[in-house]
Amino acid sequence: MDARKLILLVGALVVAAITAFMARNILTGASAPVANAIPAAAPQNTTEVMVATRSLPVGTILDATSVKFVAWPKELIEGAYYIKGESELAKLQGTVVRFAIPAGQPITQGALVKPGDRGFLAAALGPGMRAVTVPVSAQSAVAGFIFPGDRVDLMLTQSVSGGGDGPPLKASETILRNLRVLATDQKTDKTTDDKGNTVVTTYSNVTVEATPKIAEKIAVAQTVGQLSLSLRSIADNQSDLEQAIANGDVDVPADGDPKKEKEMMARVAARPMEGAGGFATGADVSRFQRSTVPGKPVDHGTATSPVPGNYPGGVAVRKGSVVTVARGNSVTETEVGGKN
């Protein structure tokens, strides 16, 4: 290879290297403005609106975990949306969903009913449900720590006298479970102080959600004895679901569809339950109390047989034939064949 060709080859390599270096610098420098332009433009074209954090069916009482603010394109914002800076989450707590809202969708002002508005309590009720007010005291209402949206069990405490002359039977039993609290007295939301802490106050009435049949039972229970509320744990819903499946009260989707299973669990968690519950008698807390209902008094019949009932000291028996003898103001009973 002659010197001329060698010089041309070296020159071509130098030009190619310079060209590649310049192209690399151009590409590297151009990427920075493009990357910085995207986040800079996003805040100018969006506004934070209130959306549902989960699916909110009709009758849901809003709390702090039900909604949140997210960025939303300005061109898609409607006048009925709740805008950050114009609406406060704290003021919407305790409102009720009037129309079903899917998860992630903006909440409109027409979809919520505020406490005190006409039809508020009716909107809070599920389809086919009723609102029933239960009179309570501070002691029987967990010292005021029950709030709208909580789930409670209803206990009935009564004295059963029976047919005997002994002390009555003291008994308490859980007659209804998983009742949703709609309001305490006439309040449908939690009361908070200036720091956002929940203020616990006492009340004399609690309004709960119930089926028509359960509403009738609550009305009768108020005339039988004293009613008390016990606050349920959220974890109790899982055990109730397992029991409902074992009893055949709910139908488990055969195809294993996760969406159908989630809907089934939501139905079980939301429904009030009746039927056999736990109970306790006076003997369970004190050895000096009864464990059964007092039996009937001893009958003087013609046959000797045990008399049903709980009699201290053993089993009472009927006597044989008895003759009543009256001598002036003295009346005595003498068993035929026995000693006078």
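No experiment lies behind these values; they were computed from the predicted model shown.

(A) View of the overall build of the protein chain. On a plain count of helices and strands, the protein chain comes out with 6 helices and 13 strands. Looking at the protein chain residue by residue over its 340 residues, the buried ones come to 28%. A fraction of 63% describes how many contacts in the protein chain between residues 6 or more apart in sequence connect residues 24 or more apart.

(B) Inspection of the confidence of the model for the protein chain at higher detail. Mean pLDDT over the protein chain: 76, with 70% of residues reaching 70 or higher. Considering only residues more than four positions removed or in separate chains, one finds that residues 32-42, a stretch of pLDDT under 50, has 0 contacts. Confidence over residues 302-319 falls short of pLDDT 50; this stretch has 37 contacts with residues more than four positions distant or in other chains.

(C) View of the pattern of salt bridges. Here the structure, examined in full by the defined rule, presents 5 salt bridges. A salt bridge links Arg232 to Asp153; its shortest N-O distance comes to 3.0 Å. Of this pair, Arg232 sits in the loop between strand S9 (226-231) and helix H5 (236-247) while Asp153 sits in strand S6 (residues 151-160), placing them 79 residues apart in sequence. According to the relative accessible area criterion, Arg232 is buried, its value standing at 11%. The exposure class assigned to Asp153 is buried, which follows from its relative accessible area of 12%.

(D) Quick peek at the nonpolar core. Leu154, Leu179 and Ile218 are the most contacted members of the largest nonpolar core, which has 21 residues in total. Those elements that place two or more of their residues in this core are strand S5 (130-135), S6, strand S7 (169-184), strand S8 (205-210), helix H4 (212-224) and S9. Once you skip the residues sitting within four places of it in the chain, Leu154 turns out to touch Val134, Glu173, Thr174, Ile175, Leu176, Leu179, Ile218, Leu227, Ser228 and Leu229. The next biggest cluster of nonpolar side chains, apart from the first, holds 13 residues, and it includes Met50, Val67, Tyr82 and Ile101.

(E) Broad picture of a nonpolar patch on the surface. A surface patch of nonpolar side chains, amounting to about 570 Å² of accessible area, comprises Leu6, Val10, Val14, Ile18, Phe21 and Met22. As for its position among the elements, Val14 is in helix H1 (residues 3-41).

(F) Quick peek at unusual backbone geometry. Phi is positive for Asn178, which is not a glycine, with a value near 60°. Among the structural elements, Asn178 can be located in strand S7.

(G) Expanded view of the side chain of Arg290. Position of Arg290 among the secondary structure elements: in the loop between strand S11 (279-281) and strand S12 (322-327). Note on Arg290: relative accessible area 11%, which makes it buried.

(H) Layout of the environment of Met129. In this structure, Met129 sits in the loop between helix H3 (120-124) and S5. Separated by 85 residues in sequence, Met129 and Ile214 have C-alpha atoms that sit 9.7 Å apart.

(I) Representation of H4 within the structure. Taking 1.5 Å as the rise per residue, H4 with 13 residues should run 18 Å; its terminal C-alpha atoms sit 19 Å apart, in good agreement. Of all the positions in H4, only Ile214, Ala215, Ile218 and Ala221 are classed as buried. The buried residues of H4 occupy an angular sector of 120° when projected down its axis, which confines them to one face. Exposed residues pointing more than 90 degrees away from the buried face of H4 are listed as Val220 and Thr223. Elements in contact with the buried residues of H4: S5, S6, S7, S8, S9 and strand S10 (273-274).

So, how was this worked out
- Residues numbered from 1 in each chain as written.
- Predicted model: local features only at pLDDT ≥ 70, side-chain atom pairs only at ≥ 80, totals over all residues.
- Heavy atoms only, no water.
- Helix = DSSP H or I, 4+ residues; strand = E, 2+ residues; numbered from the N terminus.
- Buried < 20%, exposed > 50% of the residue type's maximum accessible area, 1.4 Å probe, protein only.
- Contact = heavy atoms within 4.5 Å.
- pLDDT = per-residue confidence, 0-100.
- Salt bridge = Lys/Arg side-chain N within 4 Å of Asp/Glu carboxyl O.
- Core = buried A, V, L, I, M, F, W, Y, C linked by side-chain atoms within 4.5 Å.
- Patch = residues over 30% accessible without salt bridge, like charges linked within 9 Å, V, L, I, M, F, W, Y side chains within 5 Å.
- Areas by Shrake-Rupley, 256 points an atom, 1.4 Å probe, with all protein chains shown as cover.
- Expected span 1.5 Å × (residues − 1).
- Arc of directions from axis to C-beta.

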